[in-house]
Amino acid sequence: MFILSHIIKFKIVIILCFITLSSIAQNLETIVANDKFRLILPENINPNDLKTIEWSTNLIDWEPVARNFGYQWQNTFPNAETIETINGNDQYYEKDLDESSIFYRLSTNTFSNIDNSHSISRFLQQATFGPKLSEIQAFDGYNASDLDDSPYTYYSTWIANQINTNLTPISSHRAYFRERSDPSFVTNPSAIENGVSLFEVGTNENYELVFDYYEQGNDLQPDPDGMPNNQGTVYEFETAQNGNWTYDIEKSRYDAWQAKGLTSNPNDPNFNVKDIKQIIWHKIAIDGVDQLRQRMAWALSQILVVGIEGNIHPQNNEKWLKYYDIFVRHAFGNYRDILDEVTYSPHMAYYLTYEGNKLQTGDKFPDENYAREVMQLFTIGLWELNQNGTFKKDADDNLIPTYDNQDITEFAKVFTGLSRPLNYGGTNFEAQFGRDYISRVRIESYNHDFGPKTNLYGTVFEHTTVTNDVNYVLDHLFNHDNTPPFIAKRLIQRFTVSNPSPTYIYDVAQAFIDGSYNGYGTSERGCLEAVIRAILLHPEARTQSLGADVTHGKLREPYVRLMHYCRAFNLTSLNTWDLYNIRDLLDSIGQAPYNSPSVFNFYKSDYQPMGDIIDKNLVAPEFEIFTDVTSVQLPNVLWWLIYEGIKRNSADTGLGNKWYSQGVLDLSDQISLLQDDVDDLIDNLDLLITAGRLTDQNRIIIENYLNNSSGNAEQKVKDALYLFCILPEFNSLY
């Protein structure tokens, strides 16, 4: 350890340099210039080295400020002190001397390269709902020596194939429902919005009647009491006995259950109508081929949130599916189109209470809910940002608000005159009680405030149509300087790391601005293809040595961890329709599709748990739902998946909605590996679950347990899967 100290105008600066034995010691050069301490940053000689600089005022609490992981020195979140280049390649770090004592320490860690299969698995953990062995082995570049070399051509090709709908068709959630429900549904080829199909498809004759559906008169079909459907058809039912229970099963469903040769309950083909949208979500997340699109949709749905809590008719599935499809359809499209469809969605209008919003009359003012959230959550956030995501400050070093209450009041006037469409009397989509939450909102010009309004820069605007007024504000927010870094950081957090460096945020924001990354994209502002490429192909996402940085990575979302096990071990449905009837897990693990507790999502992007994370001024969003309950319940849920499958145990335990298993993991490959050698099994699980991150210490613990276990091969494999699910290497991503 080297200690360098400088006394500068009665201020003490001490440098502590920790060099690992595997690295080459480097001398540090320090100078003082303009009352600032300047450290000449050493070159990173070994490409597998991670060098970090931290600072402290008390030698106890250390905060990272800069790092070098094989490229150049860069700031670490949330710091943005000066890092400059001099003499061509030399870099220096500079900080104001505003403390009586400042301590710096430089440390170097060497990271061993992981092999290609582990690197691919790690990439698929970021980009999908979990890697499958077949996908790892089929990955282009599996045997390439330059797989992890910039510009990451093989990963780029995988992304291109995921985006290309000729190679990877879109898995529409709405289409999945419509093809298997109301027989009166027909394909509407004119149902297109922003140039993309709305998937208003007809019933597919290759599928049977899987999902119940509502009609205009509040009639749930098929109806066991003989109420005819839209076409005048009365469904025929079979009465089936199972133990002490008697069930009425629609005949085609009963026949399908028998034809499947299942020995489970004859009620197996039936689902609770309110669960259908989640069942479809699970099916597509687990079996869908368009994994990157579905992950992007899941991420976007956590920014532009509509949740069941505080909403209406959770049992009307099509309106929920159509809204979620906005993010599926535009996952690689343009963010401006998403803002358009979200704003004009009657589903969002009800949720954020601007349905029927009217101009001011007397002491009654327009509802301000959407005007606030479209700024705070969907576009610009609360505080002015630099492009690298750091806060702008005023002359007194205070944060600068992006808007104030007067701005909310002004924009609330814009979102007047938008109402739910007139009652629907047709038969081509669900409209319980005739309420149309599928079409775009209805324009009521007589309820709109056409007076002059002021934008965020003080410019007065007014228009003669409602849509021109609304579109002006959406354009105004979309083109605001804050929107690229605000959206960039939130999407980065969903895929790769919780604390992206200012460089990472800047580069992804630039992709948003340019509409292009490494030559890919539409070259139009807001292109999400460019954004997702920048997120997944950035050196900060691909460089393996960053695994040694304790501030790098993220706690994985609980639902992604659950889906990971389902996919990695080929969850096999035992249901008549090959579906996964997983119960709503919000109260158990803190997440569930369609069930965000508020418009603020399951967690806040800037959440800071107590302890080392807040001490280092870092954030960890997912820790907001990591509670005394959920920290235990997620392993419990995975236990049920591993040992019992999709099966209900009680009102609060188990994974399924039925009292018998409707799905199990296929562990035949793992059982076969264990019969050959314990190490072969652990290698397989390390590849599929921890992407090569399994520590030697944890490997020895699991190996010793398996070698000393008296269970049979299947029991040992299940025990191994459970032990892996509680490892830090699985629960975090780095």
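Residues numbered from 1 in each chain as written. Predicted model: local features only at pLDDT ≥ 70, side-chain atom pairs only at ≥ 80, totals over all residues. Heavy atoms only, no water.

**Q** What am I meant to see in the confidence of the model for the protein here?
**A** If pLDDT is low for a region, its predicted coordinates should not be looked at in detail. Predicted confidence across the protein gives a mean pLDDT of 93, with 95% of residues reaching 70 or more. Per-residue pLDDT stays below 50 along residues 1-13; that stretch engages in 40 contacts with residues further than four places along the chain or on separate chains. (pLDDT = per-residue confidence, 0-100. Contact = heavy atoms within 4.5 Å.)

**Q** I keep staring at the sheet that holds strand E9 (residues 90-96) and nothing clicks. Help me out?
**A** Two strands in a sheet stick together by hydrogen bonds in their backbones, pointing the same way (parallel) or opposite ways (antiparallel). With antiparallel pairing, the four strands of this open sheet are ordered in space as E3-E4-E9-E8. Sheet topology places strand E3 (29-33) and strand E8 (82-86) at the edges, where each strand pairs with a single neighbour. Each strand axis lies, on average, 30° off the axis of its neighbour in the sheet, ignoring direction. (Pairing = 2+ DSSP bridges. Helix = DSSP H or I, 4+ residues; strand = E, 2+ residues; numbered from the N terminus. Axes fitted to C-alpha atoms, helices over the stretch in contact; angles between N-to-C directions.)

**Q** Can you help me understand the pattern of salt bridges in this one?
**A** Side-chain pairing between opposite charges can occur once the charged atoms of the two side chains come close. Summed over all chains, the structure comprises 31 salt bridges. Among the salt bridges present, the one from Glu 200 reaches Arg 174, with a minimum N-O distance of 3.2 Å. Taken together, the residues span a long stretch of sequence, with Glu 200 in the loop between strand E12 (196-197) and strand E13 (213-214) and Arg 174 in helix H4 (residues 173-178) at a distance of 26 residues. Pair check on accessibility: Glu 200 and Arg 174 agree, each one buried. Here Arg 440 ties to Glu 193 by a salt bridge, and the two come within 2.4 Å at their closest N and O atoms. A residue pair is termed long-range when its members are at least 10 positions apart, and Arg 440 in the loop between strand E17 (418-419) and strand E18 (442-443) and Glu 193 in strand E11 (residues 192-193) qualify at 247 residues. Relative accessible area serves as the criterion here: at 9%, Glu 193 is assigned to the buried category. Sharing partners across several salt bridges, the network here consists of Arg 174, Arg 178, Glu 200 and Glu 318. (Salt bridge = Lys/Arg side-chain N within 4 Å of Asp/Glu carboxyl O. Buried < 20%, exposed > 50% of the residue type's maximum accessible area, 1.4 Å probe, protein only.)

**Q** Looking at this structure, how should I read the pairing of strand E4 (residues 36-41)?
**A** Side-chain positions along a regular strand alternate between the two faces of the sheet. Burial of E4 is extensive: five of the six residues sit out of reach of the surface. Note: E3 against E4, five bridges, orientation antiparallel. When the sheet's bridge partners are listed, Thr 30 is paired in E4 with Leu 39. Note that E4 and E9 share six bridges and pair antiparallel. Considered in E9, the bridge of Arg 38 is made with Glu 94.

**Q** Could you clarify how one ought to interpret the environment of Pro 502 in this entry?
**A** Following the sequence through the fold, Pro 502 ends up in helix H15 (residues 502-514). Its relative accessible area of 4% is what places Pro 502 among the buried residues. Distance in space between the C-alpha atoms of Pro 502 and Phe 77 is 6.1 Å, their sequence separation being 425 residues.

**Q** Looking at this model, I keep getting lost on H15. Mind explaining?
**A** An α-helical turn contains 3.6 residues, so a residue and the one three or four places further along point in the same direction. Here H15 is 13 residues long and its end C-alpha atoms lie 18 Å apart, about the 18 Å a rise of 1.5 Å per residue gives. Those residues of H15 not exposed but buried are Pro 502, Tyr 504, Ile 505, Val 508, Ala 509, Ala 511 and Phe 512. On its buried face, H15 is in contact with strand E7 (74-75), helix H9 (335-343), helix H13 (466-478), helix H14 (483-495), helix H16 (528-537) and helix H17 (539-542). Of the residues flanking the end of H15, it is Gly 515, one or two places downstream, whose phi is positive at about 70°. (Expected span 1.5 Å × (residues − 1).)

**Q** Honestly, the packing of aromatic side chains in this entry has me stumped. Any pointers?
**A** In this description, a pair of aromatic rings is defined by centroid distance and the angle of the planes. This model, assessed by the stated rule, comprises 33 aromatic pairs. Ring centres 5.5 Å apart and planes at 50° place the aromatic pair Tyr 324 and Tyr 594 in the tilted group. Residue Tyr 324 is found in helix H8 (residues 317-329), and its partner Tyr 594 is found in the loop between helix H19 (586-589) and helix H20 (612-615); the two are separated by 270 residues along the sequence. For Tyr 324, a relative accessible area of 5% puts it in the buried group. (Phe/Tyr/Trp six-rings, centres within 6.5 Å; stacked < 30°, edge-to-face > 60°.)

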